[in-house]
Amino acid sequence: MDKGKVVGFIHSGITVKNLERALDFYVNILGFELLSTQVANSDYIFDIVEIPGLKEINIAFVQIPGGHVIELLEYVGIDTYSGSSRSCDYGTGHICLLVENLEEMFSELKAKGVQFKSKKVAHITVGANTGSKAVYMLDPDGYILELMEK
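Worth saying up front: this structure is predicted, and the values here are computed from it rather than measured.

1. Points about the confidence of the model for the chain
Predicted coordinates in areas of low pLDDT are best not read in detail.
Okay, step 1: Summarising the model, the chain shows a mean pLDDT of 94, and 99% of its residues fall at 70 or more.
Okay, step 2: The least confident element of the chain is helix α2 (residues 43-49), whose mean pLDDT is 92; the most confident is helix α1 (residues 19-29), at 98.

2. Some points on α1
Each α-helix winds once per 3.6 residues, and so residues spaced three or four apart point in a common direction.
Okay, step 1: Here α1 has its buried residues at Leu-19, Ala-22, Leu-23, Phe-25 and Tyr-26. In a view along the axis of α1, the buried residues occupy a sector of 160°, so they form one face of it. Turned more than 90 degrees from where α1 packs its buried face, Glu-20 and Asn-28 sit exposed.
Okay, step 2: Buried-residue contacts for α1 involve β1 (12-15), β2 (33-40), β3 (56-63), β4 (69-76), β7 (133-138) and β8 (144-149).

3. Thoughts on the sheet that holds β4
Okay, step 1: In spatial order, the strands read β1-β4-β3-β2; together these 4 strands make up an open sheet with mixed pairing. With partners counted over all chains shown, the strands left at the sheet margins are β1 and β2, one partner each. Strand-to-strand, the axes of this sheet are offset by a mean angle of 20°, without reference to chain direction.
Okay, step 2: Sheet topology places β1 next to β4; 4 bridges connect them, and they run parallel.

4. Some points on the packing of aromatic side chains
Okay, step 1: Following the criterion strictly, the structure yields 3 aromatic pairs and no others.
Okay, step 2: With centroids separated by 5.0 Å and ring planes inclined at 90°, the aromatic side chains of Phe-25 and Tyr-26 adopt a geometry described as edge-to-face. Comparing Phe-25 with Tyr-26 shows no difference in burial state: the two are buried.
Okay, step 3: A centroid spacing of 4.6 Å and a plane angle of 75° characterise the contact between Phe-106 and Phe-116, whose relative ring orientation is edge-to-face. Taken as a pair, Phe-106 in helix α3 (residues 102-111) and Phe-116 in the loop between α3 and β6 (122-123) lie far apart in primary sequence, 10 residues in all.
Okay, step 4: For Phe-116, a relative accessible area of 15% corresponds to the buried category.

About the thresholds
- Residues numbered from 1 in each chain as written.
- Predicted model: local features only at pLDDT ≥ 70, side-chain atom pairs only at ≥ 80, totals over all residues.
- Heavy atoms only, no water.
- pLDDT = per-residue confidence, 0-100.
- Helix = DSSP H or I, 4+ residues; strand = E, 2+ residues; numbered from the N terminus.
- Buried < 20%, exposed > 50% of the residue type's maximum accessible area, 1.4 Å probe, protein only.
- Arc of directions from axis to C-beta.
- Contact = heavy atoms within 4.5 Å.
- Pairing = 2+ DSSP bridges.
- Axes fitted to C-alpha atoms, helices over the stretch in contact; angles between N-to-C directions.
- Phe/Tyr/Trp six-rings, centres within 6.5 Å; stacked < 30°, edge-to-face > 60°.

So this is what it looks like as structure tokens:
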């Protein structure tokens, strides 16, 4: 590209079934900071997403300790379906969160009913993260979150 270029990062977005349930998970369970909420129903939002019949999008911005912002979006007025799939299927994604005391966190989150793809904490033995530990967990809508202790 001769004229335009990427110059930074703004946020990641995750579509959720129920914004209140998602906020409970991300803010109350994981400890993210709630930055703002809004109802998006202006013409520009419909021009961006191009979804016929969409009434509005309920949006919340949450911040991970350390600065990364995630936009949680609940689409209203249309039928929605789970995008949950296997981590190996293209078009999926995950967010990796840097954590402390992963073994304890894993046990605490399981006790709170959080679902994990990983049956146990994995100890990384090769590659760039050798010596680290990691697990895959799911948010309430099945989006994959990786927890990693370096």
